[in-house]
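# Tertiary structure, described
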Amino acid sequence: MIYYITGGERSGKSSYAQNLALSHSNTPKYIATSRVWDADHRKRIDRHIADRDDRWTSVEEEKNIVSVIETNDVVVIDCVTLWLTNFYVDTKNNVNKSLELAKIEFNKLLNLEATIIIISNEIGMGVHAQTEIGRKFTELQGWMNQHIAKHADKATMMVSGIPLTLK
Amino acid sequence: MIYYITGGERSGKSSYAQNLALSHSNTPKYIATSRVWDADHRKRIDRHIADRDDRWTSVEEEKNIVSVIETNDVVVIDCVTLWLTNFYVDTKNNVNKSLELAKIEFNKLLNLEATIIIISNEIGMGVHAQTEIGRKFTELQGWMNQHIAKHADKATMMVSGIPLTLK
Amino acid sequence: MIYYITGGERSGKSSYAQNLALSHSNTPKYIATSRVWDADHRKRIDRHIADRDDRWTSVEEEKNIVSVIETNDVVVIDCVTLWLTNFYVDTKNNVNKSLELAKIEFNKLLNLEATIIIISNEIGMGVHAQTEIGRKFTELQGWMNQHIAKHADKATMMVSGIPLTLK
């Protein structure tokens, strides 16, 4: 079962995802996809981990998400944007290659016996990014969002903390 | 009764809010939250006031909204973004302090016998702001939107002039 | 019959519009509104034309859309943003004049016996544009979107490839 949750910044995606996970399990897993860029970033991540109560197991995985999910797990993946950023950086901002690699990793989730709640972001409803790298990333994000939402069993957009059912 | 209306720029929020107010009262009140920055801005605000017909009473209040609402009033508050900006500027861009102060003011509205229509903005569905101050304000806006929407009786997102019911 | 389709970048608007057109006709028409800015742009447009299969007739028209639509045509107009840009550039960034001219052209579509699928963009849900020209264009886009959506028989917002019915 795959749940796709998207929305703008601070729209309540993470709270909604965590509550959804806790409604399925008392021992959910939190998969953070952020690469650790520096010591400050490391501290911020550790603070996020400490914020979640001890029902949660926290895992960090930059790309190969399937490797940290076991049968019958209930997991929150946070988030597609940071995960895609890792592919984008490592391919030197190659959109096609990043999209291909990310789809390969995502598709491995489709055969799992697990409850997967995947958080993404809407970043394409404002004016164009100032930089070419930013504009191309916006396209990458949009295409990957379409791919994930298409394969998800349920899709939700958060607006001001309220869930809007997409499917 | 609190109505929360959000949406993008020029998505028809204000027209929708005004029509909603007029469906409740022939003598609604318009509360503009914008700080007056200079003479040009003053002129623009006066033009907006002149644009509304004489059924409307126009009031300006930068922060303490409850002070200009009386029992049984039907009011449009325009808007959360400008109102939050005043807290943000006065706290020297302190997100936590601004959020705390804004929540205190907003919560005073919850006990009123009045029809309150509060307009906000979706600003977090594009790429990140260029500046740290802008990025932090986007977070402040998102958190306050969640707080208001949670306490509103009805919530609506405007898209291209069409109301989409959130709750 | 007018269908209005809006959404963010890479949200699946174009695919959805094309599938909708093909559900109405085996010989739909594609109206590209982009001005050709240079040789690179010309190549990109030609690639888009080649991407569509031979059921499609491709037409380019910068402003006067009605001139390329015939009775009983099934057309996709792609897109309002690029079309508005042409008015905006030619009026030296005059929002009011652009809006007036664009409405005159759009209103000519209202009396046609044709199936018109018109694609636009949501660009006002992020932070403000960096430039005055960009901010004014965002307003122009918002106002025109409202006008088109109001006159459309059906309106849809695409989110992550999933259609959300506006009306």
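Rules used throughout
Throughout, a residue's number is its position along its own chain's written sequence, starting from 1. Here chains are named by letter from A upward and ligands by number from 1 upward, in the order in which they appear as written. Where local features are concerned, this predicted model is filtered to residues with pLDDT of at least 70; where side-chain atom pairs are given and counted, the filter is 80 or more; whole-chain, interface and lining totals use all residues. Values shown for side chains rest on all heavy atoms present in the structure; no hydrogens or waters enter the calculation. For the least-squares superposition of copies, only C-alpha atoms count, and only for residues with pLDDT at least 70 in both. In the cavity and pocket records, a cavity denotes points on a 1 Å grid over the protein atoms alone where a 1.4 Å probe fits but cannot get out, a pocket denotes an open set with protein on both sides within 12 Å along at least 5 of 7 lines, and lining residues are residues with an atom within 4 Å of a point. Grid points are joined across faces, edges and corners, and a volume is the space filled by probe spheres set on the points. Gly is put with the polar residues, along with every residue not named as nonpolar or charged; the nonpolar set is Ala, Val, Leu, Ile, Met, Phe, Trp, Tyr, Cys and Pro, and the charged set is Asp, Glu, Lys and Arg. Contacts are assigned to residue pairs that have any heavy atoms within 4.5 Å of one another. The term buried area refers to how much accessible surface (probe radius 1.4 Å) is lost by two components on association, counted for both of them together. Should a side-chain nitrogen of Lys or Arg be within 4 Å of a carboxyl oxygen of Asp or Glu, the pair is scored as a salt bridge. Nitrogen and oxygen atoms within 3.5 Å of one another constitute a polar contact, given that in protein one can donate a hydrogen and the other can accept it, and given that sequence-neighbouring residues count only through two side-chain atoms. Counting from the N terminus, the helices are DSSP H or I runs at least four residues long and the strands are E runs at least two residues long. Remark: exposure states derive from per-residue accessible area (1.4 Å probe, protein chains only) relative to the maximum for the residue type, with buried under 20%, exposed over 50%, and partly exposed in between. One bridge is not enough; two strands pair if DSSP finds at least two bridges between them. To define axes, lines are fitted to C-alpha atoms, for helices over the stretch in contact only, and angles between the resulting N-to-C directions are given on a 0 to 180 degree scale. UniProt positions are given in the numbering used here, feature names are shortened, and annotations may be inferred rather than shown by experiment.

Turning to the relation of the copies chain B and chain A, a few remarks are in order. Rotating chain B by 120° and translating it 0.0 Å along the rotation axis places it on chain A, where the RMSD comes to 0.0 Å. Interpreted geometrically, this transformation is the action of a three-fold axis. Looking at the rotation axis and the C-alpha trace of chain B, the residue lying nearest is Gly126(B), at 2.3 Å.

Following the criterion strictly, the structure yields four cavities of 30 Å³ or more and no others. The volume enclosed by the largest cavity comes to roughly 120 Å³. Taken together, 15 residues line the largest cavity, and the ones lying closest to its centre are Val127(A), His128(A), Val127(B), His128(B) and Val127(C). Per-class residue counts for the lining of the largest cavity are six nonpolar, nine polar and no charged.

The parts lose accessible area when they come together, and the size of an interface is often stated as this lost area. Contact residues are listed per partner, giving 22 residues for chain B and 20 residues for chain A. The contact between chain B and chain A buries some 1,700 Å² in all, and 63% of this surface belongs to carbon and sulfur atoms. Note that Arg10(A) and Glu139(B) form a salt bridge whose closest N and O atoms lie 2.5 Å from each other. Across the chain B-chain A interface, the total number found is eight residue pairs in polar contact (both at pLDDT 80 or more). Mapped onto the side of chain B that touches chain A, the elements with two or more residues apiece are strand S1 (2-7), helix H5 (132-151), strand S6 (154-159) and strand S7 (162-165) of chain B. Looking at which element gives the most residues to the side of chain B that touches chain A, the answer is H5(B), with seven residues. Split into classes, the residues belonging to the side of chain B that touches chain A amount to nine nonpolar, 10 polar and three charged.

Moving on, we get to unusual backbone geometry. Of the consecutive residues Asp78(A) and Cys79(A), the connecting peptide bond is found in the cis state with omega at 5°. Along the polypeptide, Cys79(A) turns up in the loop between strand S4 (74-78) and helix H3 (80-90). A positive phi is found at Arg10(B), a non-glycine position, where the angle reads about 50°. Judged by relative accessible area, Arg10(B) falls into the partly exposed class, the value being 35%. Even without being glycine, Asn93(C) reaches a positive phi, approximately 65°.

The next thing to look at is the sheet that holds strand S3 (residues 57-60) of chain C. Residues and elements named next belong to chain C. The sheet built from seven strands is open, its strands ordered S3-S2-S4-S5-S1-S6-S7 with mixed pairing. Every interior strand has two partners, whereas the edge strands, S3 and strand S7 (162-165), have only one. On average, each strand axis in the sheet is tilted by 25° relative to the strand beside it, whichever way the strands run. Examined bridge by bridge, strand S1 (residues 2-7) and strand S5 (residues 115-119) share four bridges and lie parallel to one another. Its bridge partner being in S5, Tyr-3 is matched across the sheet by Ile-117. Set on the sheet, helix H1 (residues 13-24) makes contact with S1, strand S2 (29-32), strand S4 (74-78), S5, strand S6 (154-159) and S7; between it and S1 the angle comes to about 160°.

The positions that UniProt labels "active site" (unreviewed entry) are, in the present scheme, His48(A). Assignment of secondary structure puts His48(A) in helix H2 (residues 39-51).

Take the interface of chain C and chain A next. Residue-level contacts link 20 residues of chain C with 22 residues of chain A. Summed over both partners, the interface of chain C with chain A buries about 1,700 Å², with 63% contributed by carbon and sulfur atoms. When residues of chain C are sorted by the area they lose upon contact with chain A, Glu9(C), Arg10(C) and Ser160(C) head the list and together hold 41% of the total. Seen at the junction of chain C and chain A, the total is one salt bridge. Mapped onto the side of chain C that touches chain A, the elements with two or more residues apiece are S6 and S7 of chain C. Residues belonging to the side of chain C that touches chain A are distributed by class as follows: eight nonpolar, nine polar and three charged.

All names here are of chain B. An order of S3-S2-S4-S5-S1-S6-S7 is seen for the seven strands of this open sheet, with the pairing classed as mixed. Every interior strand has two partners, whereas the edge strands, strand S3 (57-60) and S7, have only one. Averaged over all adjacent pairs, the angle separating strand axes in this sheet is 25°, with direction ignored. Alignment of S1 against S6, held across five bridges, turns out to be parallel. Bridge pairing in S6 links Thr-6 to Met-157.

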